[in-house]
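# Working through the structure, step by step
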Amino acid sequence: MIVEDLHNAIAALLTTDATFTAALVASVASGGVGLASVPAKVLSNRPLAEIQQMHADLLPCWIMEPINAAAIASEGSDYGVTIGAGAQEFRHRIVVSLVWREQDRDTAFRQRLRIPELLVQLFLRNPTAGLDYCTGCLITGSEPDQGGQHPFQLLSAEITGDVVINRS
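Here's a quick rundown of the structure. Everything numeric in this text was worked out from a predicted model, so none of it was measured.

### A word on the packing of helix α1 (residues 2–16) against helix α2 (residues 18–25)
Following both chains from N to C, one finds α1 and α2 inclined at 50°, their axes separated by 6 Å at the closest point. On the basis of the axis angle, α1 is oblique to α2. Residue-level inspection shows Leu13, Leu14, Thr15 and Thr16 of α1 in contact with α2, the latter providing Ala18, Phe20 and Thr21. Here the contact of α1 with α2 is composed, by residue class, of four nonpolar, three polar and no charged.

Printed below as a string of structure tokens:
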């Protein structure tokens, strides 16, 4: 399934891209993020309270969930399809959230500043997430929790991936 493959490819990038993961664990003083370990877990959407109580041993971790998606307009159509078309381009939006624990508020502030830039760089290096039928992935926004759950930290980013879905 194409959309599921897109999710799997993005999860793999978040947890295995060497440049990205090295920057996540590099110390804040050296320009990295300073996470205790590489976030190697990808979970479906869960309330932060559940993560704090039941999954705290998995931190840092990525949480991934699809959000609203839309057809992409193609030549000759406002809706992305024409009668008799064999394929449709689809803009799939995914929210990925990084949850981690950081006691020092200044360090957490710098981490929340640096993670979106690292995500943008990740998708600049991997614009199709390694999929032939993906025409592009990019970070279209981010939202920090602004330290509201301290010492737990949360930063969410929206990834938009454009994929071509064939009729068959």
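### What to know about the side chain of aspartate 162
Turning to its location among the elements, aspartate 162 is positioned in strand β5 (residues 152–166). A residue is classified by how much of its surface remains accessible, and aspartate 162, at 12% relative accessible area, is buried. Excluding residues that lie within four positions of it along the chain, aspartate 162 makes contacts with Ile72, Glu89, Phe90, Arg91, Tyr133, Cys134, Thr135 and Gly136.

### Points about the state of the cysteines
Using the criterion set out here, one finds zero disulfides in the structure. Not engaged in a disulfide, the cysteine cysteine 134 finds its nearest cysteine sulfur in cysteine 137; these two sulfurs lie 3.7 Å apart. With a relative accessible area of 4%, cysteine 134 lands in the buried category.

### Some words on the packing of aromatic side chains
Within the structure shown, the criterion is met by one aromatic pair. Between phenylalanine 20 and tryptophan 62 the ring centres are 6.1 Å apart and the planes differ by 25°, which places this aromatic pair in the stacked class. In this pair, phenylalanine 20 is assigned in helix α2 and tryptophan 62 in strand β2 (residues 61–71), connecting sequence segments 42 residues apart. Among the residues examined, phenylalanine 20 registers a relative accessible area of 1% and is labelled buried.

### Considerations on the environment of cysteine 134
Residue position: cysteine 134 is located in strand β4 (residues 134–144). Residues cysteine 134 and glutamine 103, spaced 31 residues apart in sequence, show a C-alpha to C-alpha distance of 39 Å. In this structure cysteine 134 touches Leu6, Pro127, Thr128, Asp162 and Val163, once residues within four positions along its chain are discounted.

### Observations concerning the pattern of salt bridges
If charged atoms from side chains of opposite charge come close, those side chains can pair. In total, this model carries four salt bridges according to the counting rule given. As a salt-bridge pair, aspartate 17 and arginine 125 come within 2.8 Å of each other at their nearest N and O atoms. In this pair, aspartate 17 is assigned in the loop between α1 and α2 and arginine 125 in helix α4 (residues 105–125), connecting sequence segments 108 residues apart. Aspartate 17 sits in the buried class, given a relative accessible area of 15%. Overall, the relative accessible area of 37% leaves arginine 125 in the partly exposed class. The salt bridge partner of aspartate 162 is arginine 91, with a shortest N-O separation of 2.8 Å. With aspartate 162 in strand β5 and arginine 91 in strand β3 (residues 87–101), this residue pair connects regions lying 71 residues apart in the sequence.

Rules used throughout
- Here the residue index of a chain counts from 1 through its sequence in written order.
- Local features in this predicted model are restricted to residues whose pLDDT is 70 or higher, and side-chain atom pairs enter the listing and the counts only when it is 80 or higher, whereas totals over whole chains, interfaces and linings include all residues.
- Hydrogens and waters are ignored; side-chain quantities use all the structure's heavy atoms.
- Each axis is a line fitted through C-alpha atoms, and for a helix only the stretch in contact is used; angles between axes span 0 to 180 degrees, taken between their N-to-C directions.
- Secondary structure elements follow DSSP: runs of H or I of four or more residues count as helices, runs of E of two or more count as strands, with numbering from the N terminus.
- Should an angle lie under 35 degrees it is considered roughly parallel, over 145 roughly antiparallel, and from 65 to 115 roughly perpendicular; all remaining angles are considered oblique.
- Contact between two residues is taken to exist if any of their heavy atoms lie within 4.5 Å; hydrogens are not considered.
- Ten residue types, Ala, Val, Leu, Ile, Met, Phe, Trp, Tyr, Cys and Pro, are classed as nonpolar, four, Asp, Glu, Lys and Arg, as charged, and the remainder, Gly among them, as polar.
- Partly exposed describes any residue whose relative accessible area lies between the buried limit of under 20% and the exposed limit of over 50%, with all areas from a 1.4 Å probe on protein chains only and scaled to the type maximum.
- Defined by distance alone, a disulfide is two cysteine sulfur atoms within 2.5 Å.
- Note on ring pairs: Phe, Tyr and Trp rings are taken, using the six-membered ring of Trp, and paired if centres are within 6.5 Å. Classes follow the plane angle, with under 30 degrees stacked, over 60 edge-to-face and the rest tilted.
- Between Lys or Arg on one side and Asp or Glu on the other, a salt bridge is scored when a side-chain nitrogen of the former is within 4 Å of a carboxyl oxygen of the latter.

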